Amino acid sequence: MPSHPAMVGAFKKRSIMWHHLAVFILRYKIPLLVLLLASTAYMGYQTTKLELSYEFSKAIPTDNPRYQEYLGFKNQFGEDGNVLVMGVQDPDFFTKNHFLAYRKMVNDIRKIKGVEGMLSVPDAIELKRSDTSETLLAPPIFPKTEDDNLTDSALASQEATFRNLPFYRGLLFNPDADAYLSGATINKGVLASADRTRVVNEIVAVTDTFSQKTGIEVHLSGLPL
């Protein structure tokens, strides 16, 4: 069956186009090859500047009412997206060996580069009014004593003081479950970089050492993790 004249004409036009393109490539093959190599080298150089983003992506539009409420809450109260929380459940928490091991864990985490602060039971303070001035004092409930100098009677007295302060109940400990919490505040710049992996891994290593020494599991939670 004979081909349609329009189809034949279109085929000829395409053939002519590809012919001219082939002639152009063959005629200017050296400049085109140089251009191709130069563009490839440029794109390869640009890939060396690529960086991964460690910022948390927004899951909802910025004009969403719920997101606007979140921004208002964050502006008023701050945010805890850079806090890694550690919890333990230990009925013998305030025995000397367990408390000292826990205090060492907290101090070792505090020394990790990128950790800006710690909130924990060993760091708890008690507000007292000064007898000589109208100011408030904030002495530590658990003074920084040497391990050998901490006696069972002193620790028992400090425990009683701590448990009698309602502020910490539900924040740092739950007396009904014998659960105790710590929080490590991590530098936001570190969290927005690849260095976040190092910091989190070092914290996990310290908690693992504590668990191996005491047999107490440490539960970790928070956005950094």
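Residues numbered from 1 in each chain as written. Predicted model: local features only at pLDDT ≥ 70, side-chain atom pairs only at ≥ 80, totals over all residues. Heavy atoms only, no water.

The topology assignment puts Asp208 in helix α7 (residues 195–214). Along the backbone, Asp208 and Met105 are 103 residues apart, and their C-alpha atoms lie at a distance of 9.6 Å. (Helix = DSSP H or I, 4+ residues; strand = E, 2+ residues; numbered from the N terminus.)

Before going further, it helps to examine the pattern of salt bridges. Taken as a whole, this structure holds six salt bridges when the rule is applied. Asp108 is paired through a salt bridge with Lys104; the nearest N and O atoms lie 2.7 Å apart. Remark: Lys104 and Asp108 occur in helix α4 (residues 96–110); sequence separation between them is four residues, near one turn of the helix. Owing to a relative accessible area of 22%, Asp108 belongs among the partly exposed residues under this scheme. Across the pair Arg163 and Glu159 runs a salt bridge, and its minimum N-O distance is 2.9 Å. Of this pair, Arg163 and Glu159 both sit in helix α5 (residues 152–163), four residues apart, which is roughly one turn of that helix. Salt bridges sharing partners connect three or more residues here, namely Asp195, Arg198 and Glu202. (Salt bridge = Lys/Arg side-chain N within 4 Å of Asp/Glu carboxyl O. Buried < 20%, exposed > 50% of the residue type's maximum accessible area, 1.4 Å probe, protein only.)

The biggest cluster of nonpolar side chains holds 36 residues, and the ones touching the most others in it are Phe94, Ile109, Val121, Phe162 and Ile203. Contributing elements (two or more residues each) for this core: β1 (83–89), α4, β2 (115–119), α5, β6 (179–186), α6 (188–191) and α7. Sorting elements by how many residues they give to this core places α4 first, with seven residues. Residues within four places of Val121 in sequence aside, it is in contact with Phe93, Phe94, Phe99, Phe142, Phe162, Leu172, Tyr180 and Leu181. (Core = buried A, V, L, I, M, F, W, Y, C linked by side-chain atoms within 4.5 Å. Contact = heavy atoms within 4.5 Å.)

Okay, the packing of α4 against α7 next. One can describe the packing of α4 onto α7 by two numbers: an axis separation of 9 Å at closest approach and a directional angle of 165°. In terms of axis orientation, α4 runs roughly antiparallel to α7. Two packed elements cross with a definite hand, and for α4 against α7 that hand is right-handed. Residues His98, Ala101, Tyr102, Met105, Asp108 and Ile109 of α4 form the contact with α7, whose participating residues are Ile203, Val206, Thr207, Phe210 and Thr214. (Axes fitted to C-alpha atoms, helices over the stretch in contact; angles between N-to-C directions. Parallel < 35°, antiparallel > 145°, perpendicular 65-115°, else oblique. Left-handed = near helix turned anticlockwise from the far one by under 90°.)

The subject of this paragraph is the packing of aromatic side chains. As enumerated under the stated definition, the model contains 16 aromatic pairs in all. Summarising the aromatic geometry, the rings of Phe93 and Tyr102 are spaced 4.8 Å apart at their centres and angled 70° between planes, so their arrangement reads as edge-to-face. Accessibility classification places Phe93 together with Tyr102 in one group, the buried group. Aromatic side chains Phe94 and Phe99 sit 6.0 Å apart centroid to centroid with 20° between the ring planes, which places their arrangement in the stacked category. Through a chain of ring-to-ring contacts, three or more aromatic side chains come together here, namely Phe93, Phe94, Phe99, Tyr102, Phe142, Phe162, Phe167, Tyr168, Phe173, Tyr180 and Phe210. (Phe/Tyr/Trp six-rings, centres within 6.5 Å; stacked < 30°, edge-to-face > 60°.)

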